[in-house]
Amino acid sequence: MRGGPSRRGMIAGATGVAPFMTDTSAARSTTSAGQAWERGARAGYAVSGVLHLILGFLIARIPFAGDAEASQSQALASIGDAPLGAVLLWIAAAAFVALGTWQIADAVRGGDDAKDRGKAAGKAVLYLALAFTTVTIARGSSASDGDQQAQGFASALMSAPGGRLLVGVVGLGVIAGAAFHVWKGVTRSFEEDLTRTPTPVTVAGVAGYCAKGVALGAVGVLFGYAALTADPDEAQGIDGAIESLLGAPAGPAIVVAVGLGFAAYGLYSLARARWARM
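Given the structure is predicted, the values throughout are model-derived calculations rather than measurements.

## Let's talk about the side chain of D147
Among the structural elements, D147 can be located in helix α6 (residues 146-158). Within the buried core, D147 has no salt-bridge partner, and the shortest N-O distance to an opposite charge, that of R61, equals 13 Å. A distance of 2.9 Å separates a polar atom in the side chain of D147 from the backbone nitrogen of G237. Among all residues touching D147, those that are not within four sequence positions of it are A235, Q236, G237, D239 and G240.

What follows is the structure, encoded as structure tokens:
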């Protein structure tokens with residue numbers, strides 16, 4: 001974390017450990033707990049990196065396999081199919097919980113502006129949702145269909161008063177998020193999140209953020225089209241959005257490039273696990 005009190009200091013205050021205390025066993029225990037939490041949060045970035053590497057492979061093979069699916073649930077399911085897959089999934093879930101709660105601490109602590117706290121809160125929701133999905137798959141549930149979830153969400157919104165407008169707003173919000181990803185990649189502002197930025201990590205970050213922006217942009221456009229046509233079935237998740245790119249000029253090449261970009265983001269996330277500013 002940058003600025004403000006350290007998380008260890010927050011823990012010490014919460015547990016009543018006064019700053020003037022000498023190096024007692026209680027103080028050492030608090031420090032150990034804080035270090036363990038940080039290691040768990042960093043592991044969350046590493047797990048995210050592995051997921052993006054798998055997801056990149058799933059996306060890149062779409063032009064060559066008509067029945068290929070690409071979603072985070074599918075990536076998690078592929079981990080579950082590996083030897084000791086259930087154990088790996090439970091470890092991944094614990095890492096996501098650690099990273100999600102770390103982001104919650106960033107969101108509620110003082111010293112940061114409202115924008116940074118809002119971003120931290122959004123990340124907390126994302127990582128805790130990933131933890132929930134990972135747990136459901138570890139317990140034997142099948143991977144959910146991202147496209148069906150998107151269509152169900154759009155359908156639920158359209159059934160509400162002003163539903164088409166709501167779906168359109170969601171689409172615009174997703175497009176704004178896509179633009180932010182591309183901006184973050186092009187301007188290399190993600191380097192501010194790291195204590196070190198070797199050239200390979202910078203290259204991976206630029207490619208990864210831009211590729212995620214393209215994929216999210218396609219999702220946003222499809223939600224917008226669903227609003228215009230009043231047809232919730234036009235809304236798609238990442239899987240359907242990527243497949244929609246196949247119809248564009250040089251579509252298969254674009255999809256492969258997006259897949260490679262997702263894999264690059266995976267490499268960036270693995271580097272972030274080591275060099276992230278916590």
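## Considering the packing of aromatic side chains
Pairs of aromatic rings are described using the distance from one ring centre to the other and the angle between the two planes. By the definition in use, this model includes 10 aromatic pairs. Plain terms: the ring middles of F190 and Y209 are 5.5 Å apart, the flat faces sit at 20° to each other, and that makes the pair stacked. With F190 in the loop between α7 (163-187) and α8 (199-229) and Y209 in helix α8, the pair connects residues that are 19 residues apart, well separated along the chain. Residue Y209 is classed as buried on the basis of its relative accessible area of 4%. Their ring planes at 50° and their centres at 5.6 Å tell us that Y265 and Y268 sit as a pair that is tilted. Residue Y265 and its partner Y268 are located together in helix α10 (residues 251-275), separated by 3 residues, close to a single helical turn.

## Observations regarding α8
The end-to-end C-alpha separation of α8 is 45 Å, in line with the 45 Å expected for 31 residues at 1.5 Å each. Within two residues after α8, A230 carries a phi angle of roughly 55°, on the positive side.

## Some points on the packing of α8 against α10
The contact between α8 and α10 brings their axes to 7 Å, and the two run at 130°. By the angle between their axes, α8 is oblique relative to α10. Like other packed secondary-structure pairs, α8 and α10 cross with a definite hand, here left-handed. Listed contacts from α10 to V201, A204, G205, A207, G208, Y209, A211, K212, V214 and A215 of α8 are V258, G261, F262, A264, Y265, L267, Y268, A271, R272 and W275. Its residues assigned to classes, the contact of α8 with α10 shows 15 nonpolar, 3 polar and 2 charged.

## Focus on the pattern of salt bridges
In a structure, side chains of opposite charge can pair up when their charged atoms sit close to one another. Applying the stated rule across the entire model yields 4 salt bridges. A salt bridge links E38 to R42; the shortest N-O distance between them is 3.1 Å. With E38 and R42 both in helix α2 (residues 25-60) and 4 residues apart, this pair spans about one turn of that helix. The closest approach of N and O atoms between R272 and D193, which form a salt bridge, is 3.9 Å. Highlighted residues: R272 in helix α10 and D193 in the loop between α7 and α8, separated in sequence by 79 residues. Look at the salt bridges and you will find they share partners, linking K184, D193 and R272 into a network.

Cut-offs used in this document
Residue positions are given per chain, counted from 1 along the sequence in the order it is written. Local features are withheld for residues below a pLDDT of 70 in this predicted model, meaning they are given only at 70 or higher, and side-chain atom pairs are given and counted only at 80 or more; totals for whole chains, interfaces and linings count all residues. The side-chain quantities take in all heavy atoms of the structure and omit both hydrogens and water. Numbering of helices and strands runs from the N terminus; a helix is a DSSP stretch of H or I covering at least four residues, while a strand is a stretch of E covering at least two. Each residue gets one of three labels from its accessible area relative to the maximum for its type: buried under 20%, exposed over 50%, partly exposed in between, using a 1.4 Å probe on protein chains only. In this tally Asp and Glu are treated as negative and Lys and Arg as positive; neither His nor the chain ends contributes. By definition, a salt bridge exists where a carboxyl oxygen of Asp or Glu is found within 4 Å of a side-chain nitrogen of Lys or Arg. The definition of a polar contact used here is a pair of N or O atoms within 3.5 Å, where within protein one atom must be able to donate a hydrogen and the other to accept one, and adjacent residues in sequence count solely through side-chain atom pairs. What makes two residues a contact is simply this: any of their non-hydrogen atoms within 4.5 Å. Pairing of aromatic rings covers Phe, Tyr and Trp, the last through its six-membered ring, and needs centres within 6.5 Å; plane angles under 30 degrees mean stacked, over 60 mean edge-to-face, and all others mean tilted. Here, expected helix span is obtained from the residue count minus one, scaled by 1.5 Å. With axes taken as lines fitted to C-alpha atoms, and helix axes fitted only over the stretch in contact, angles between N-to-C directions fall between 0 and 180 degrees. Should an angle fall under 35 degrees it is called roughly parallel, over 145 degrees roughly antiparallel, and 65 to 115 degrees roughly perpendicular, with every other angle called oblique. Note on convention: the crossing is left-handed when the near helix lies turned anticlockwise from the far helix by less than a right angle, right-handed when the turn is clockwise. Ten residues, namely Ala, Val, Leu, Ile, Met, Phe, Trp, Tyr, Cys and Pro, are considered nonpolar, four, namely Asp, Glu, Lys and Arg, are considered charged, and the remaining ones, Gly among them, are considered polar.

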